[in-house]
Amino acid sequence: MHCTALQRMFLLKGLKPNACRPILSHVVKRGTYCRQASSRLVLGIETSCDDTGAAVVDETGLILGESLHCQKVVHLQTGGIIPAVAQRLHRENISRVVQEAIDRSGISPSELSAVATTVKPGLSLSLGIGLDFSLAFVKQHQKPFIPIHHMEAHALTVRMLEPVEFPFLVLLISGGHALLALARGIEDFLLLGQSTDEAPGDTLDKVARRLHLRNHPECSTMSGGQAIEYLAKQGNRHNFLFKTPMGQVFDCNFSFAGLRNQVSMVIDRKELEEGVKSGDQLLSCVNDIAAGTQHTVASHIAKRTHRAILFCKARGLLPQHNPTLVVSGGVASNSYIRETLKLLTDATGLHLLCPPSKFCTDNGVMVAWNGVEKLREGRGILPCTEVVRYEPKAPLGIDITAEVKDAAIRLPPLKLKVKKLTF
Ligand code: KG4
Ligand code: ZN
């Protein structure tokens, strides 16, 4: 049995068939397993937002080495991502992060078959650092370059961990995006719905800031989404009932800005009632507000996903056997949202796959894996001399959101009651 099969056996042993099962990590400890000598290697580099990530992954999906520098703590202090600060931190860390990934993999750059780097979408200043570094690297080492679409990479990471065949439905929820798409191939997506205003992670980050959760003793180093999830576990969502957005819009698009307004108005009122004036004081009901917000975000996401499932079923877009919903992006780390989606997929006969949190948030592994998939299909591989530009805005796939809206699918009633999650 070669190393990949052995590793997959360990992966499978940990799986619980009926739970919303996270897929276990797929990292190789150097010296523990041998790599197939013939397997090609890709270095992946990610700098689209606020994480500097790099990884070396082989064709079978083994992670030989990886490194990640997360800027979260700095951005928490400034109350959000300042692009110039993100750029500076990427610039300061990129060489070290890439070198660490290569050193940990125990290979030399000459053994790489290609370098894959996120070039779209994302913050211009951040994308530029990863791209400039990568173009210099491929020139120096005379390696082919594979430009990567960040959302495609999020969507396909799951295929590194499990044998998921196309087509499948994918829900990507992060700090920058909310979208539903049908993945038909590695560069072939049908876009069913996307956010018309802000992304769910952005909303949770803003609510957390409005609640001054940075001053909460247990949440000071957590991202907004993590802090809301943490506090919600101790709160009662029934104490603050928010209206689920877009109840009368029968498409698969998302909207979170209105919900944020609802939550802000409640916070304004409670601050008046409790005489809370400065950011040092926390409302007595932060846990309940967190629980109410998280529940409404989960409910909105589940309803739009429900309609996407019904649309795909009605059009015969999903396979009869083992139709699958893949969920990824930073917000997909949220257990309450995962549990809500599990209730939905159980009720609609879909198989739910959520990569482990470390693969849901931004990382170099997903970019390297997307490079592997392209390398295997011989798509999008450029010579090291090619001029490549980054694209801050880049839609995913063919946009059929208007067709989805025209179908105007009404949702049957579905109770999505998540049991109280404890630590
Ligand atoms: O995918 P990601 O790492 O970066 C983007 O591409 O945006 O996602 C980051 C977002 C942040 O908004 C963060 O608050 C949110 O994901 N997030 C969470 C959780 N962990 C991170 N949201 C809800 N629950 C979590 N546990
Ligand atoms: Zn992302």
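With that settled, the discussion passes to the site of ligand 1. Around ligand 1, the structure places 21 residues, and the nearest of them are Gly175, Asp205, Gly225, Glu229 and Gly330. Residue Ser223 places a side-chain N or O atom 3.4 Å away from an oxygen atom belonging to ligand 1. In the complex, 90% of the free accessible area of ligand 1, which totals 550 Å², lies under the protein chains. The set of elements that each furnish at least two residues to the shell around ligand 1 consists of helix H5 (150–156), helix H7 (200–210) and helix H8 (224–232). In terms of residue class, the shell around ligand 1 is built from three nonpolar, 15 polar and three charged. Both domains that furnish three or more residues to the shell around ligand 1 are identified here as domain 1 (5–157 + 359–392) and domain 2 (168–354 + 399–407).

Take the pattern of salt bridges next. Summed over all chains, the structure comprises 23 salt bridges. Measuring nitrogen to oxygen at the nearest pair gives 3.0 Å for the salt bridge that ties Arg40 to Glu59. Here Arg40 is found in the loop between helix H1 (3–13) and strand S1 (41–46), whereas its partner Glu59 is found in the loop between strand S2 (51–58) and strand S3 (63–70), with 19 residues between them in sequence. With relative accessibility at 18%, the residue Glu59 sits in the buried group. One salt bridge in this structure joins Glu273 and Lys270, with 3.0 Å as the shortest N-O distance. One end of the pair is Glu273 and the other is Lys270, both in helix H9 (residues 257–274) and three residues apart, which spans about a single turn. Several salt bridges converge on common partners, so that one network encompasses Glu152, Glu187, Lys374, Glu377 and Arg379.

Of all five residues in strand S5 (residues 145–149), four are buried; the element is thus mostly enclosed. Strand direction decides the pairing type here: strand S4 (residues 114–120) and S5, joined by five bridges, are parallel. Bridge assignment links Lys120 to a residue of S5, and that residue is His149. Tracing the backbone out of S4, into helix H4 (residues 124–141) and back to the parallel element S5 gives a crossover that is right-handed.

Another point: the coordination of the zinc ion (ligand 2). When a metal holds four donors in a tetrahedron, each ideal angle between them is 109.5 degrees; when it holds six in an octahedron, the ideal angles are 90 or 180 degrees. Listed as protein donors to the zinc ion (ligand 2) are His150 (NE2), His154 (NE2) and Asp362 (OD); their distances from the metal cover 2.1 to 2.2 Å. Each of the four donor atoms bound to the zinc ion (ligand 2) contributes to angles spanning 90 to 158 degrees, and the resulting shape is irregular. Read in sequence order, the donor residues for the zinc ion (ligand 2) give the motif H-x3-H-x207-D. Of this pair, His154 sits in helix H5 while Asp362 sits in the loop between helix H12 (357–360) and helix H13 (364–377), and the two are 208 residues apart along the sequence. Considered together, His154 and Asp362 belong to a single accessibility category, that of buried residues.

Now for the confidence of the model for the protein chain. Within the protein chain, residue pLDDT values average 91, and 91% of them lie at 70 or more. In this model, residues 1–25 is a region of pLDDT below 50 whose contacts with residues beyond four sequence positions or in other chains number 56 contacts. Taken together, the stretch residues 28–32 has pLDDT below 50 and engages in nine contacts with residues farther than four places along the chain or on a different chain.

Let us look at the layout of surface pockets. Here the second largest pocket defines a volume of roughly 480 Å³. Taken together, 23 residues form the lining of the second largest pocket, with Thr244, Ser299, Lys303, Leu414 and Leu416 sitting closest to its centre. Broken down by secondary-structure element, the contributors of at least two residues to the lining of the second largest pocket are helix H10 (286–314) and helix H11 (335–348). It is H10 that contributes the most residues to the lining of the second largest pocket, eight residues altogether. When its residues are assigned to classes, the lining of the second largest pocket shows 10 nonpolar, seven polar and six charged.

Another point: the domain arrangement of the protein chain. Considered domain by domain, the protein chain is made up of domain 1 (5–157 + 359–392) and domain 2 (168–354 + 399–407). Averaged C-alpha coordinates put domain 1 and domain 2 at centres separated by 26 Å. Each side of the interface is counted separately: domain 1 has 24 residues, and domain 2 has 29 residues. Taking both sides of the interface into account, the surface hidden between domain 1 and domain 2 amounts to around 2300 Å²; carbon and sulfur atoms contribute 64%. Lys374 is the salt-bridge partner of Glu187, the closest N and O atoms lying 2.7 Å from each other. Across the domain 1-domain 2 interface, the total number found is eight residue pairs in polar contact (both at pLDDT 80 or more). Along the lines of polarity and charge, the residues of the side of domain 1 that touches domain 2 split into 11 nonpolar, six polar and seven charged.

About the criteria used
Once a new chain begins, its residue numbering starts again from 1 and follows that chain's sequence as written. Note on labels: chains are lettered from A, ligands numbered from 1, in written order. Under the rules for a predicted model, residues below a pLDDT of 70 receive no local features and side-chain atom pairs below 80 are neither given nor counted, while totals for whole chains, interfaces and linings still include all residues. Processing note: side-chain calculations cover all non-hydrogen atoms of the structure and skip hydrogens and water entirely. Whether a residue is near a molecule or strand depends on its heavy atoms: if one lies within 4 Å, it is near. For this analysis, a polar contact is any N or O atom pair within 3.5 Å, provided that within protein one partner can donate a hydrogen and the other can accept it, and provided that sequence-adjacent residues contribute only side-chain to side-chain pairs. The accessible surface values rely on the Shrake-Rupley method and a 1.4 Å probe; as for residues, cover is taken only from the protein chains in view. Helix and strand labels come from DSSP, where a helix needs a run of H or I of at least four residues and a strand needs a run of E of at least two; each type is numbered from the N terminus. Three classes are used, and their members are as follows: Ala, Val, Leu, Ile, Met, Phe, Trp, Tyr, Cys and Pro are nonpolar, Asp, Glu, Lys and Arg are charged, and the others, Gly among them, are polar. Domain delimitation in this document rests on an assignment produced automatically or drawn from a domain database. Any Lys or Arg side-chain nitrogen found within 4 Å of a carboxyl oxygen on Asp or Glu counts as a salt bridge. Exposure classes here rest on a 1.4 Å probe applied to the protein chains alone. A residue is buried below 20% of its type maximum, exposed above 50%, and partly exposed in between. We treat two strands as partners when DSSP finds at least two bridges between them. Orient the strands so they point away from the viewer, and a crossover whose first-strand-to-second-strand path over the helix runs clockwise is right-handed. Donor atoms (N, O, S) are those found within 2.8 Å of the metal centre, with the cutoff raised to 3.2 Å for Na, K and Ca; water is not part of the atom list, so apparent gaps in a site can occur. Between 85 and 135 degrees for all angles marks four donors as tetrahedral; over 155 degrees for opposite donors together with 65 to 115 for all other angles marks four donors as square planar and six as octahedral; every other arrangement is irregular. For every residue, the pLDDT score states the predictor's confidence, bounded by 0 at the bottom and 100 at the top. The contact criterion used is simple: two residues touch if any of their non-hydrogen atoms lie within 4.5 Å. A cavity, in this analysis, means grid points on a 1 Å lattice covering only the protein atoms where a 1.4 Å probe fits yet has no way out; a pocket is instead an open set bounded by protein on both sides within 12 Å along at least five of seven lines, and a residue lines either one if it has an atom within 4 Å of a point. Grid points are joined across faces, edges and corners, and a volume is the space filled by probe spheres set on the points. Computed with a 1.4 Å rolling probe, the buried area is the accessible surface lost when two parts are put together, summed over both parts.

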